[in-house]
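The lines below spell out each chain.
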Amino acid sequence: MSLADVKYLPEKPAHDPEIEAINDEAFGPGRFVLGAYKIREGGPHERALSFVAVHGDIVVASVRMTRIAAGSGRALMLGPLAVRPAFKNLGIGRRLVAIALEAAAKAGTPAVMLVGDEPYYGPLGFKRIPRGQISMPRPVDLDRLLSHEIVPGAVARLVGEVCHADQARIAANVAAMA
């Protein structure tokens, strides 16, 4: 297998079953109790900013982006990022992250956050979010909250509990009607 045979494409609805299988293989059923999944339950991911790696006709990796809010800040949450075991350690995941970050910047997104391992994501431009600045709807290791700032000062605006951006909009509409 040559990396030249791997194509990187925008995610399409037809990819959903394979993406679900990759995520199940990578993270198992326990992933649904994690804080990041709780946020994702709040609304759809941004398909136009989510990507797959394809080898032949098979999806071998994927990365998704979801709009989030915390305080006055808005950003995208990267994840899940998953690669089929036979295709790990080839740079496919890192390439998907780079593609997603480039797309986020082009879309005018101020920042991207994720829950992940700093040794992996640090070289890709992610830094720890200061402890106590944000929280997740379920317990999470605060050292795994990382961000990639696109617009200077954008990460500082992410304060409080992170939620799906659709949920923040609903809460704002309810408050405006009260």
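Check the entry above for the structure.
Okay, so let's go over this structure. (Residues numbered from 1 in each chain as written. Predicted model: local features only at pLDDT ≥ 70, side-chain atom pairs only at ≥ 80, totals over all residues. Heavy atoms only, no water.)

### Describing the overall build of the protein
Then, number 1: A tally of regular secondary structure across the protein gives five helices and nine strands.
Then, number 2: Scanning the protein from its N terminus toward the C terminus, one meets helices and strands in the order β-α-α-β-β-β-α-β-α-β-β-β-β-α.
Then, number 3: Against the globule reference of 16 Å for 178 residues, the protein gives a C-alpha radius of gyration of 16 Å, in line with a compact fold.
Then, number 4: The principal-axis extents of the C-alpha atoms in the protein amount to approximately 55 × 30 × 30 Å.
Then, number 5: When the 178 residues of the protein are sorted by exposure, 43% land in the buried category.
Then, number 6: Pairs at least 24 residues apart make up 70% of the contacts formed inside the protein by residues separated by at least 6 positions.
Then, number 7: Summed over all atoms, the accessible surface of the protein reaches about 9000 Å², with 58% contributed by carbon and sulfur.
Then, number 8: In the protein, which carries 21 positive and 18 negative side-chain charges, the distance between the mean positions of the two groups comes to 4 Å. (Helix = DSSP H or I, 4+ residues; strand = E, 2+ residues; numbered from the N terminus. Rg over C-alpha atoms; globule rule 2.2 N^0.38 Å. Buried < 20%, exposed > 50% of the residue type's maximum accessible area, 1.4 Å probe, protein only. Contact = heavy atoms within 4.5 Å. Areas by Shrake-Rupley, 256 points an atom, 1.4 Å probe, with all protein chains shown as cover. Lys, Arg positive; Asp, Glu negative; His and termini not counted. Charge placed at Lys NZ, Arg CZ, Asp CG, Glu CD.)

### Describing the pairing of strand 5 (residues 111-115)
Then, number 1: Across the five residues that make up strand 5, a large majority, four, are buried.
Then, number 2: In this structure, strand 4 (residues 73-83) lies alongside strand 5, joined through two bridges in parallel fashion. Bridge pairing in strand 5 places Met77 opposite Met113.
Then, number 3: Where the polypeptide runs from strand 4 across helix 3 (residues 92-106) and back to strand 5, its parallel neighbour, the crossover connection is right-handed.
Then, number 4: One ladder, built from five bridges, connects strand 5 with strand 8 (residues 145-149); its direction is antiparallel. Across the sheet, the residue bridging to Val115 is Leu145, located in strand 8. (Pairing = 2+ DSSP bridges. Right-handed = clockwise from strand over helix to strand, strands pointing away.)

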